[in-house]
Number of protein chains: 2
Amino acid sequence: MKMDNSPARGMRDLLPADVAVRDHVLESITAVYRQFGYQRIETPALEDIGRLSSGQGGDNEKLIFMVLRRGLPAELEAGARVRDLVDLGLRYDLTVPLSRFYGNNHAWLPMPFRSLQTGPVWRAERPQRSRYRQFTQCDIDMIGEPSVLAEAELIEATSCALAAIGLKGTTIRLSDRRILSALAEQAGVPDEARDAVFITLDKLDKIGWDGVRAELADQGLTAEQISAVESLIDTLTGLPASRLPDTLAASLPELPADVITDLAATTASLDALGVEQPVTWEFDPALVRGLGYYTGQVFEIMHPDMSGSVAGGGRYDKLIGRSLGDDVPACGFSIGFERIVDLLERHLGRDALAVLVEPDVPVTDALAVARRLRGPVGAAGQGPVVEIVRRSGKFGTQLKRLASAGYTGFVHVHMEDGATVAGAERPLSSLGPGRLTGPGGLTGPGGSQARAAHRPRAACRSTVVPGSSLVSCPPATDISRVTSASPLWFRMSSWMAKPREGATSRK
Amino acid sequence: MKMDNSPARGMRDLLPADVAVRDHVLESITAVYRQFGYQRIETPALEDIGRLSSGQGGDNEKLIFMVLRRGLPAELEAGARVRDLVDLGLRYDLTVPLSRFYGNNHAWLPMPFRSLQTGPVWRAERPQRSRYRQFTQCDIDMIGEPSVLAEAELIEATSCALAAIGLKGTTIRLSDRRILSALAEQAGVPDEARDAVFITLDKLDKIGWDGVRAELADQGLTAEQISAVESLIDTLTGLPASRLPDTLAASLPELPADVITDLAATTASLDALGVEQPVTWEFDPALVRGLGYYTGQVFEIMHPDMSGSVAGGGRYDKLIGRSLGDDVPACGFSIGFERIVDLLERHLGRDALAVLVEPDVPVTDALAVARRLRGPVGAAGQGPVVEIVRRSGKFGTQLKRLASAGYTGFVHVHMEDGATVAGAERPLSSLGPGRLTGPGGLTGPGGSQARAAHRPRAACRSTVVPGSSLVSCPPATDISRVTSASPLWFRMSSWMAKPREGATSRK
């Protein structure tokens, strides 16, 4: 009986091409961050439900997958409360676990600690296109560094990580949460209206000033207050590093001096980075970044191919300390991993060599040919991919299928006069789709034309090695990986032509 | 208020050194399997509870972390059944998800499909030493290959993967589930007693023949039956490839011929592999491997440093097909990832260069020095790790701390006459622990002796570059990474000496 084999609602299976793209992105990011001294940590997927529901997660707390206590009776008593049945939940972000992790392990960590976390998180959101209930987050955080070194380094490292993935020409948007506060103060916005005003300002690039003015009026701001807000933001937006400190000091006299010097240090560092990398930045006082826990500079990175940001972060000095009962300075940057993966193409290319084995070739010989071609294995990522593929159907059709599946070459292994013959390594790309599909091409009876095409008689005279049962074909072209092959022995057992009882082959 | 920051019961945090070991093992395994043509796939952590509870998981189904349905009322009605509150569970292995994955995606997968899966699984076991409720499994499977090519290749690939991790000198134990059945038949063991007899035989290497005989007698076997079982196993155990087929045929006349030819092919392949790698194998008819779903050859790999196996697997032709309503041949091998990780030492060595920055050096300059030393970033895993570290405490003490934390060298950055001075790159290992801790060593007032030791005056004359505010120290030794350094500019802002309000530094 055929079952429904879909993944659970809102989840997805990742096919080899999907995983390859994700691995490429993660490996690129990790390699860059590692060069800046960030170290990977991991925390469990499950956390105590009380910790996940503490309020820090905001609306995400409504989306927790909750896990039943073990050892419950099969039937519950009347009036049982759902909350009492639950002791664990799946994490909905990596920041709550990081805070707990730092509290638990800070004694063994360097100071400051540069953390790199990548891993799945779960949210029971309404499933929709490109939004899944399990998705990967990728965060770096510097914990314990009070100075603006943290901000400047995080932005530089993340810009480099994005460039390593292939996202070049990024723009950094930068502000400081305290500038927004000073601006609201200066414009006479009442304290109780601030949060709503900030949320509205965050939409400026989507709804424009007309929309923002209307919303601010709805929130009860006077025309003078709205005008003051608009004027201040207009004056400050896009200032270059050279004019930023003086203009900030003049426009917002209440702004603490260290906000300005910190911003000057970050922007000077970004100017220096911009000399060597195609990275630009702009000061944007209307940048809010949603999360309530930011206390200082906030930033995000934009890429021309994407609306919205590809990465965002900021300083949050009051959060990590909650797990320790003591404030700990911290600054973090989160890369929009899933958004970036969605941008990238899936490449079929596997750069693999097929050992194309006729059904009557003994298993032992097939493995030996593959082993010889593979050479020493285990040097990380260095050696060739050599995959045993059984010969089936028409030769030319199979070669075409292999080429379109991303195989770059093949070696044909067959039996001749009771001996195993390994042909030369032949490229698959050089056959070209035109030749494979052209009229009168490779569709002759028994694939004989295809066979001739891949192994020209003249170039490949079979030679029997004296004193051995090996027969090998000299390579048609100079292929260093196989020219050094020494004799292979063979056995007479047959394989592959013999499906097991009950086994069926699938399309 | 200080909170309890432990992970949830039975779970654990992974510190950087833990993750580094795990990453090394996973990367080594993955690199090898990739060379054999295995491709990574991923499935969600959550599966429908009905699929997880279908009986395939045996006792593991009692250990499922069950996830509450969303949208339940806060209070439950009387008589509510726990099972009805649950729709999802965390996977307890990777085989159940693989079976669903293949059913869902086989149309897009090659035939046969070589699958590589690594990822966390969850079991609500009673927590105990080295056994966690979340742990990593690492499986390869060849799906759709009926011939013994699957078995022979899986064993070879896994032996190579273990060797790549550093586990050499492994021994493969090998048998076939059908040999055990024929043996029971031959010895006259009643059908209904077989499962219990097999479970007992699996303990032979732990309890010896005395123990096995006693258990078999308890299970109601006659003295003749027990003696026949013992005699058959003794006759067959440890046979070399040359004698295995004839002895099997003579001892177990009911055994199907293809069991013998398949075993001959696998053992011949292992003999061929053994010529090139330090791998041995032994035939062990008492090998059972617990999982009920094996249908053919079963195997495990032993390593001299470990009791029990480091990897195990076999053919299971009746399982994958359940998701398709049709049998699909399959063969798998699972590496005991957590056991192997436990065997390996944690190395502190990070191979990192510290940019040791005095508090009055501008952030921009610190970042620029690090950037110059790092060179181009992003070439996967190639470049040096260059980490900015703030100077604090006594110089010698800090160098000692850096050396013991695995830093291999440092560059000292300080201010001199208002200019930023980057010293030469100095190795940390050459200072040696003896010099750092010896009497009269580096503990002089203000760290002056340490300072002298790390930056000999004669070797490092500060030079002001004309027309620039850069001052750089020529390297004391030839260090190619820094000799090409061009002038760095500086700014007068200060940083690092200024903790934010409310921030505390932690030990």
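Attention here is on the structure that accompanies the text. Remember, it's a predicted structure, so these values are computed and weren't measured experimentally. Every chain's residues receive numbers from 1 upward, in the order its sequence appears when written. The lettering of chains begins at A and the numbering of ligands begins at 1, in the order of writing. The predicted nature of this model means local features are confined to residues of pLDDT at least 70 and side-chain atom pairs, given and counted, to a pLDDT of 80 or more, with totals for whole chains, interfaces and linings taken over all residues. For side-chain calculations, the full set of non-hydrogen atoms in the structure is used, while hydrogens and water are omitted.

With that out of the way, let us pick up the sheet that holds strand β10 (residues 309-315) of chain A. Residues and elements named next belong to chain A. Reading across the sheet, the eight strands line up as β1-β5-β6-β11-β10-β9-β7-β8 and stay open at both edges, with mixed pairing between neighbours. Edge positions in the open sheet fall to β1 (39-40) and β8 (280-283), since each of these has one partner strand only. Between any two strands, pairing holds if DSSP finds at least two bridges. Numbering goes from the N terminus for both helices and strands, where a helix is a DSSP run of H or I of at least four residues and a strand is a run of E of at least two. Across six bridges, strand β7 (residues 171-176) lies against strand β9 (residues 297-302) in antiparallel orientation. Residue pairing in the sheet places Arg-173 in a bridge with Glu-300 of β9. Contact criterion: two residues are considered in contact whenever any of their non-hydrogen atoms come within 4.5 Å of each other. Note on method: axes are straight lines fitted to C-alpha atoms, helices fitted across the in-contact stretch only, with angles between N-to-C directions ranging 0 to 180 degrees. Contacts between helix α5 (residues 177-186) and the sheet are confined to β7, β8 and β9, with β7 contributing the most and set at about 55° to the helix.

Residue and element names in this part refer to chain B. Here eight strands make up an open sheet; going across it, the order is β1-β5-β6-β11-β10-β9-β7-β8 and the pairing mixed. With one partner strand each, in any of the chains shown, β1 (39-40) and β8 (280-283) form the two edges of the open sheet. Alignment of strand β5 (residues 113-122) against strand β6 (residues 134-143), held across 10 bridges, turns out to be antiparallel. Within β6, the position partnered with Leu-116 by the bridge is Ile-140.

Stacked, tilted and edge-to-face pairs are distinguished by plane angle, under 30 degrees for stacked and over 60 for edge-to-face with tilted covering the rest, among Phe, Tyr and Trp rings (Trp via its six-membered ring) whose centres lie within 6.5 Å. As enumerated under the stated definition, the model contains 10 aromatic pairs over all chains in all. Judged by centre distance (5.4 Å) and plane angle (65°), the rings of A:Tyr293 and A:Tyr294 are edge-to-face. The exposure class assigned to A:Tyr293 is buried, which follows from its relative accessible area of 15%. Among the aromatic residues, those joined into a ring-pair cluster are A:Tyr293, A:Tyr294 and A:Tyr316. Cation over ring: A:Arg374 sits above B:Phe36, and NZ or CZ is 3.5 Å from the ring centre. Classification of residues uses two cut-offs on accessible area relative to the type maximum, computed with a 1.4 Å probe and protein chains only: under 20% is buried, over 50% is exposed, and between them is partly exposed. Counted as over-ring charges are cases with an Arg CZ or a Lys NZ within 6 Å of the ring centre that also lie within 35 degrees of the ring normal.

The next point concerns the packing of helix α8 (residues 223-236) of chain B against helix α9 (residues 244-251) of chain B. All names here are of chain B. For the pair α8 and α9, interaxial distance at closest approach is 10 Å and the crossing angle is 165°. One way to sum up the angle between α8 and α9 is to call them roughly antiparallel. Two packed elements cross with a definite hand, and for α8 against α9 that hand is right-handed. Residues Leu-232, Thr-235 and Leu-236 of α8 pack against Thr-247, Leu-248 and Ser-251 of α9. Each residue is assigned to one class: nonpolar for Ala, Val, Leu, Ile, Met, Phe, Trp, Tyr, Cys and Pro, charged for Asp, Glu, Lys and Arg, and polar for all the others, Gly among them. In terms of residue class, the contact of α8 with α9 is built from three nonpolar, three polar and no charged. Oblique is the label for every angle not falling under 35 degrees (roughly parallel), over 145 degrees (roughly antiparallel), or within 65 to 115 degrees (roughly perpendicular). Should the near helix be turned counterclockwise from the far one by less than a right angle, the crossing is left-handed, whereas a clockwise turn marks it as right-handed.

For the rest of this paragraph, the subject is the side chain of A:Ser269. Take A:Ser269: it is sitting in helix α10 (residues 257-276). Polar contact is defined as a pair of N or O atoms within 3.5 Å, subject to the rule that within protein one atom must be able to donate a hydrogen and the other to accept it, and that residues adjacent in sequence are counted only when both atoms are side-chain atoms. A distance of 2.9 Å separates a polar atom in the side chain of A:Ser269 from the backbone oxygen of A:Ala265. With near-sequence residues (within four places) excluded, A:Ser269 lies in contact with A:Ala152, B:Val363, B:Thr364, B:Leu367 and B:Arg371.

The fit set for superposing copies consists of C-alpha atoms from residues with pLDDT of at least 70 in both; the fit itself is least squares. Between chain B and chain A, which share one sequence, the superposing operator has a rotation angle of 180° and an axial displacement of 0.0 Å; the RMSD is 0.1 Å. Such values leave the two copies arranged in the relation of a two-fold axis. Considering only C-alpha atoms, the part of chain B nearest the rotation axis is B:Ala78, at 1.9 Å. Same-surface contact between copies: 100% of interface residues of chain B are shared with the interface of chain A.

The next thing to look at is helix α7 (residues 204-218) of chain B. Residues and elements named next belong to chain B. The span one expects for a helix is its residue count, reduced by one, times 1.5 Å. Its 15 residues place the ends of α7 only 16 Å apart at the C-alpha level, less than the 21 Å of an ideal helix rising 1.5 Å per residue. Among all positions in α7, only Leu-204, Trp-209, Val-212 and Leu-216 are buried. Along its buried surface, α7 packs onto α6 (194-201) and α8.

Our focus in this paragraph is the interface of chain B and chain A. Contact residues are listed per partner, giving 130 residues for chain B and 131 residues for chain A. Interface of chain B and chain A: buried area, both sides summed, is about 11,500 Å²; carbon and sulfur atoms make up 55% of it. Each salt bridge in this description consists of a side-chain nitrogen of Lys or Arg and a carboxyl oxygen of Asp or Glu lying within 4 Å of one another. Run the count over chain B and chain A and you get 12 salt bridges. Among the ionic pairs, A:Arg40 bridges to B:Asp23, the shortest N-O distance being 2.7 Å. Taken together, the connections running from chain B to chain A amount to 43 residue pairs in polar contact (both at pLDDT 80 or more). With eight residues, the single largest contributor to the side of chain B that touches chain A is helix α10 (residues 257-276) of chain B. Class assignment for the residues of the side of chain B that touches chain A results in 65 nonpolar, 23 polar and 42 charged. Computed with a 1.4 Å rolling probe, the buried area is the accessible surface lost when two parts are put together, summed over both parts.

Bringing the environment of B:Asp271 into the picture now. Residues and elements named next belong to chain B. By secondary structure assignment, the location of Asp-271 is in helix α10. Using a relative accessible area of 36% as the deciding quantity, one classes Asp-271 as partly exposed. With 115 residues separating them in the primary sequence, Asp-271 and Glu-156 have C-alpha atoms 11 Å apart. For Asp-271, the residues in contact, after removing those within four places along its chain, are Ala-241 and Trp-281.

Attention now moves to helix α6 (residues 194-201) of chain A. All names here are of chain A. Taken together, the buried positions of α6 are occupied by Arg-194, Val-197, Phe-198, Thr-200 and Leu-201. Here the buried residues of α6 occupy an arc of 160° about the axis, which is enough to place them on one side. Residues of α6 that are exposed and point over 90 degrees away from its buried face: Asp-195 and Ile-199. Looking at the packing, one finds that the buried side of α6 touches α5, α7 (204-218) and α8 (223-236). The reported arc concerns the directions from the helix axis to the C-beta atoms and nothing else.

The next thing to look at is the pairing of strand β12 (residues 352-357) of chain B. Residues and elements named next belong to chain B. Along β12, six of the six residues are buried, which leaves the element largely enclosed by surrounding structure. Because side chains alternate across β12, one face comprises the buried residues Ala-352, Ala-354 and Leu-356, and the other comprises Leu-353, Val-355 and Val-357, equally buried. Where β12 and strand β13 (residues 385-390) come together, six bridges link them in parallel fashion. Pairing of Leu-353 across the sheet is with Val-386, part of β13.

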